[in-house]
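# Fold and geometry: a report
So the chains spell out like this:
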Amino acid sequence: MREITKYYVESGVLANDRVSLEVKDNEIHALIGENGAGKSTLMKILYGLERADSGKILFRGKQVSITSPRDANALGIGMVQQHFRLIPQYTVTENVILGIEPTKRRILLDKGRARREVSAIAKKFSLNIDCSAPVGDLSVGQMQIVEIMKLLYRKASFLILDEPTSVLTRQEIDNLFGILKSFKKQGKTIVLITHKLDEVSEISERVTVLRHGKRVAVRDTSDTNPSELSRLMIGREVALHVERPELARGKPVYRLESITLREKGRNVPLLDRVTIEVHQHEIVGVAGVSGNGLSELEDVASGLRKVTEGHIFHNEEEITNLTSIELREMGLAYVPADRLFRGSSLQSSVTENMIICNHHYFIKRGILNGKKISQFVRELTEKYSIMGEPDVPIGTLSGGNIQKVILARELSSDTDFIIFAEPTWGLDVSSSEFVYRKIIELRSEGAGILLISSNLDEVMALSDTIVVMYKGRVVMYSENKPSLTKELIGEYMLGLRDDFREVQSVKDSRGVQS
Amino acid sequence: MHSPYSIPVLHNTIRIMTPFLFAAIGGLFTELAGMLNIALEGLMLIGAFFSVIFTAFTGNLFLGLTLGILSSVLVALIFGWISLYLKANIFITGLATNLLAPGLTTVLAFQIFGNKGVIRFENIPNLTHITIPIIRRIPLLNDILSGHNFLVYLSWLTVIIAAIVIYETPFGLRLRATGLNPRAIESYGLKPRRIQLAAILISGFTCGLGGSMLSLEMGAFVPNLTAGRGWIALVAIYLGSKRPLGIVIASFVFALTESISNYVQGITSVPADFILATPYMVTLLAMIGWSVWQYYRAKE
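Calculation criteria
- Residues numbered from 1 in each chain as written.
- Chains lettered and ligands numbered in written order.
- Predicted model: local features only at pLDDT ≥ 70, side-chain atom pairs only at ≥ 80, totals over all residues.
- Heavy atoms only, no water.
- pLDDT = per-residue confidence, 0-100.
- Patch = residues over 30% accessible without salt bridge, like charges linked within 9 Å, V, L, I, M, F, W, Y side chains within 5 Å.
- Areas by Shrake-Rupley, 256 points an atom, 1.4 Å probe, with all protein chains shown as cover.
- Salt bridge = Lys/Arg side-chain N within 4 Å of Asp/Glu carboxyl O.
- Lys, Arg positive; Asp, Glu negative; His and termini not counted.
- Charge placed at Lys NZ, Arg CZ, Asp CG, Glu CD.
- Helix = DSSP H or I, 4+ residues; strand = E, 2+ residues; numbered from the N terminus.
- Contact = heavy atoms within 4.5 Å.
- Buried area = accessible area lost by both parts, 1.4 Å probe.
- Pairing = 2+ DSSP bridges.
- Buried < 20%, exposed > 50% of the residue type's maximum accessible area, 1.4 Å probe, protein only.
- 1 Å grid on protein atoms, 1.4 Å probe; cavity = no way out; pocket = protein on both sides within 12 Å on 5 of 7 lines; lining within 4 Å.
- Points joined across faces, edges and corners; volume = space filled by probe spheres on them.
- Axes fitted to C-alpha atoms, helices over the stretch in contact; angles between N-to-C directions.
- Parallel < 35°, antiparallel > 145°, perpendicular 65-115°, else oblique.
- Left-handed = near helix turned anticlockwise from the far one by under 90°.
- Domains from an automatic or database assignment.

### Quick look at the confidence of the model for chain B
Chain-level statistics for chain B give a pLDDT mean of 89 and a share of 98% at 70 or above. For this predicted complex, the interface score ipTM comes out at 0.81, alongside a pTM of 0.73.

Next up, the structure:
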């Protein structure tokens, strides 16, 4: 792939900026980068799910045009997407053959041949799977294998796997990697999208690193090491600077105490004894790679998911497992990561979205007071410079303006604690800056802020205290000090270090020196 | 089986069952493709009207039937196109079809015949009645199953073909997959809307057949001839657990109640309106019973 550029007009994100990728025949190539680095976009372009704005694709020396997965399949390119596309009620065989079913007498399904062909694939690649079992009865690891069998059945020789291990257990990962190695022996080429560095060294021969939509490095796996890759992935420089006035933090306003969250059927807890405390005038930034507990933390803190163990306090009052309405009444505000579905009602107007949580202020004798509402909305629209008429559905606004409406709503009532989850995800630069200014302003006014973000630059630029989560645990908890470099935090985020105590002592010794 | 009525009642049940069966089998296709197709009723009425009109005009039963079916397929095409490609809510478009059909047929009838009521045709050929040779010597079965018109047997054939298409062909596999997970279907490079449109056209075809049976059998068109049979067919799909055999059984039960009520009318003093309402009440009760059963099954 040469000089691929992809710009998402709707969100204003430059996902791929002249990215080139060379994959050699019969190699296992790892494509790594942080969330939003553009890995998946690049591979979706190769698989025909997205179209590049510019650049070209060469396959086996020839320039090709891939506009749909069918084109990709015809070239022998197959991709397993992050979210499975399977029919749970169908058997493994039916799932594999769907779309290119073998027939007899031209019109009838040849079930016998289908069964034989699919089991032959399972046998050839020693995939341990019951081809007549409904897919819904299988484990996640086996579903992954079914997805791969779909590609093999379509005679794919070039396989793209998008973060295949994110939902697998260790044994399933070992099994998958064994399978991938056997594919290589059979002459297949594999691209593995991942952000797990141990997997890169375990399985790949070469690795391409993307950062912020650009290719930053290509290495032979044998010539590199996890800490170099981590540096390449995350970068040395903090790309973002936000003016943050010096402020002494006040009394604690919010505390998560040893929070554990378990899910039925999963042995590993999603959150494991997480303790976080937020004070007045303090921004606590929680960083982590997605899939390590950030979104679960968001759900628990916002009251949308009940904790299994542990306690939550707000101004020393226990608020564990209260509903989100009760939390709102206590003065907690929440700006969710999923602003389109959780944060707003897309078909409702801007006005309706703004008053949805506090409409009881506007009720007079059981009827909403239109005058008061429009005045309220006009004030907020001006204050937050929202581009959009109050009466249009919020879904017609740009991402930045939707986020501003949500901010306006959440911050319009008196609040001393606000949860921000991925507050600038997908926003353009000016909207992001607006959000940052707002967060800093709230901090100056005395609120405590819990910032949950997979954007490390953002966490480092805004936070007074930085928390890093890995596999549902807090692996680092430290004041934001110059000694806390991006490289170091990156190593914690990627699970390369798990020595929190040492960092604290580093911090303490520096603290004594200064 | 000792009552003198039982054999004619059962014989009639087989006949009455046919329109239900046609509509329900077509509706099964749309149901499996993930659409609630309430337009069965309207499509049947269109088929009933046009097949009898065209038969009367051409004097040819086969030609009239074909054109009648084509009419309901055409309406199904418009209904499907608006629902799937113009993305209108299928419930609303289905409702529109059901409102359009009686209006359209009445207006056309008035324009052509100057009559908004029952239109009788003298020149409609009788539907060919068929005796099944194999069971001719088996007294009971012969009396019940044999001697119906060819549409009755065509409906049985349709059930068998439908079962084969649904369970034994690539189209059937894709059809059911569309209903289960349309997004997955897209990732396979298939077009879910095209499959859904095909299902709607099939329902138009079978509803056309079912409607035709009603009008051609009488050689007349009566306003609101279908009288809710399309709705009962929809219920039969659910009661039959969305399987061809289940639908046959459910249709049989509905037809049986209708057949019985037809006979009971003549021999009791219970008001006729009440008796004629029994098939609908049975439908209602069956639907409630089915929901309760589903609820408890889901609980376990």
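### A short note on a positive patch on the surface
Taken together, the side chains of Lys364(A), Arg365(A), Lys371(A) and Lys372(A) make up a positively charged region of the molecular surface. With respect to the secondary-structure elements, Lys371(A) resides in helix 12 (residues 370-383).

### A short note on the interface of chain B and chain A
In this assembly, 19 residues from chain B lie in contact with 21 residues from chain A. Summed over both partners, the interface of chain B with chain A comes to about 1,800 Å²; 59% of that surface belongs to carbon and sulfur atoms. Summed over the shared surface of chain B and chain A, the number is two salt bridges. Close ionic contact of Glu168(B) with Lys111(A) constitutes a salt bridge, the shortest N to O distance being 3.2 Å.

### Regarding the confidence of the model for chain A
Averaged over chain A, the pLDDT score is 85; the fraction of residues at 70 or greater is 95%. Within the model, pLDDT remains below 50 along residues 502-514 of chain A, and this stretch shows 10 contacts once partners closer than five positions in the same chain are excluded.

### Observations regarding the sheet that holds strand 17 (residues 317-318) of chain A
Residue and element names in this part refer to chain A. With antiparallel pairing, the four strands of this open sheet are ordered in space as 14-13-16-17. Each edge of the open sheet carries a strand with a single partner, namely strand 14 (271-279) and strand 17. Strand direction decides the pairing type here: strand 16 (residues 309-314) and strand 17, joined by two bridges, are antiparallel. In the sheet register, histidine 314 faces strand 17, and the bridge partner there is glutamate 317.

### Some points on the pattern of salt bridges
Residue and element names in this part refer to chain A. A full pass over the atoms with the stated rule returns 32 salt bridges over all chains. Here lysine 184 ties to glutamate 205 by a salt bridge, and the two come within 3.2 Å at their closest N and O atoms. Here lysine 184 is found in helix 6 (residues 170-185), whereas its partner glutamate 205 is found in the loop between helix 7 (197-203) and strand 11 (206-211), with 21 residues between them in sequence. In this structure, the salt-bridge partner of arginine 342 is glutamate 298, at a minimum N-O distance of 3.6 Å. Here arginine 342, found in the loop between strand 18 (332-335) and helix 11 (350-355), pairs with glutamate 298, found in helix 9 (residues 294-301); they are 44 residues apart in sequence, far enough to count as distant. Judged by its relative accessible area of 39%, arginine 342 falls in the partly exposed class. Glutamate 298 sits in the buried class, given a relative accessible area of 6%. One connected set of salt bridges, linked through shared partners, spans Glu263, Glu298, Asp299, Arg305 and Arg342.

### As for empty space enclosed by the protein
Taken as a whole and judged by the stated rule, the model has five cavities of 30 Å³ or more. Quantified by volume, the largest cavity comes out at close to 140 Å³. As for the largest cavity, its lining consists of 13 residues, and the residues nearest its centre are Tyr47(A), Met79(A), Glu147(A), Lys150(A) and Ser187(B). Of all elements in the fold, only strand 6 (77-80) and helix 5 (140-153) of chain A reach the threshold of two or more residues within the lining of the largest cavity. In terms of residue count, helix 5 of chain A provides more of the lining of the largest cavity than any other element does, three residues in total. Considered as a void within the structure, the second largest cavity measures approximately 60 Å³ in volume. Lining the second largest cavity we find Val300(A), Ala301(A), Gly303(A), Arg305(A), Lys306(A), Val307(A), Ile312(A), Ile319(A), Asn321(A), Leu322(A) and Leu327(A).

### Points about the packing of helix 1 (residues 6-32) of chain B against helix 10 (residues 229-239) of chain B
A packed helix pair is summarised by two numbers, namely the angle formed by the two axes and the spacing between the axes. All names here are of chain B. Where helix 1 meets helix 10, the axes come as close as 8 Å, and the angle between the chain directions of the two elements is 60°. One way to sum up the angle between helix 1 and helix 10 is to call them oblique. Two packed elements cross with a definite hand, and for helix 1 against helix 10 that hand is right-handed. Taken together, the residues of helix 10 that come into contact with helix 1 (itself represented by Pro19, Phe20, Ala23, Ala24, Gly27, Leu28 and Glu31) are Arg229, Ile232, Ala233, Ala236, Ile237 and Tyr238.

### Some words on the domain arrangement of chain A
As a measure of interface size, the accessible area lost when the parts come together is often cited. Domain assignment breaks chain A into domain 1 (2-234), domain 2 (249-331 + 415-514) and domain 3 (339-413). Between the C-alpha centres of domain 1 of chain A and domain 3 of chain A there is a distance of 42 Å.

### Here's the deal with unusual backbone geometry
Residues and elements named next belong to chain A. Phi at histidine 281 takes a positive value of approximately 60°, unusual for a residue other than glycine. Even without glycine at this site, glutamate 422 takes up a positive phi of about 40°. Note on placement: glutamate 422 falls in the loop between strand 21 (417-421) and helix 14 (429-445). Take glutamate 422: its relative accessible area is 15%, and that puts it in the buried class.

### Topic: the sheet that holds strand 21 of chain A
Sheets are built from strands paired through backbone hydrogen bonds, the pairs being either parallel or antiparallel. Residues and elements named next belong to chain A. Read across the sheet, six strands follow the order 18-21-22-15-23-24 without closing on themselves; strand pairing throughout is mixed. The two strands at the open ends of the sheet, each matched to only one other strand, are strand 18 and strand 24 (473-479). Taking each pair of neighbouring strands and ignoring which way they run, the sheet shows an average axis angle of 15°. Of the strands in this sheet, strand 18 and strand 21 are in contact with helix 13 (residues 399-412), which crosses strand 18 at around 175°.

### Some points on the side chain of Glu228(A)
Locating Glu228(A) in the fold gives a position in helix 8 (residues 226-234). The contact partners of Glu228(A), leaving out residues within four places of it in the chain, are Arg219(A) and Asp223(A).

### Comments concerning a nonpolar patch on the surface
A surface patch of nonpolar side chains, about 640 Å² in accessible area, is lined by Leu284(B), Leu285(B), Ile288(B), Val292(B), Tyr295(B) and Tyr296(B). Relative to the helices and strands, Tyr295(B) is located in helix 12 (residues 272-299).

### Describing the pairing of strand 23 (residues 465-470) of chain A
All names here are of chain A. In terms of burial, strand 23 is a largely internal element, five of the six residues being buried. By the bridge criterion, four bridges tie strand 15 (residues 282-287) to strand 23 in an arrangement that is parallel. What sits directly across from alanine 287, in strand 23, is valine 468. As defined by bridge partners, strand 23 adjoins strand 24 across six bridges and the pair is classed as antiparallel.

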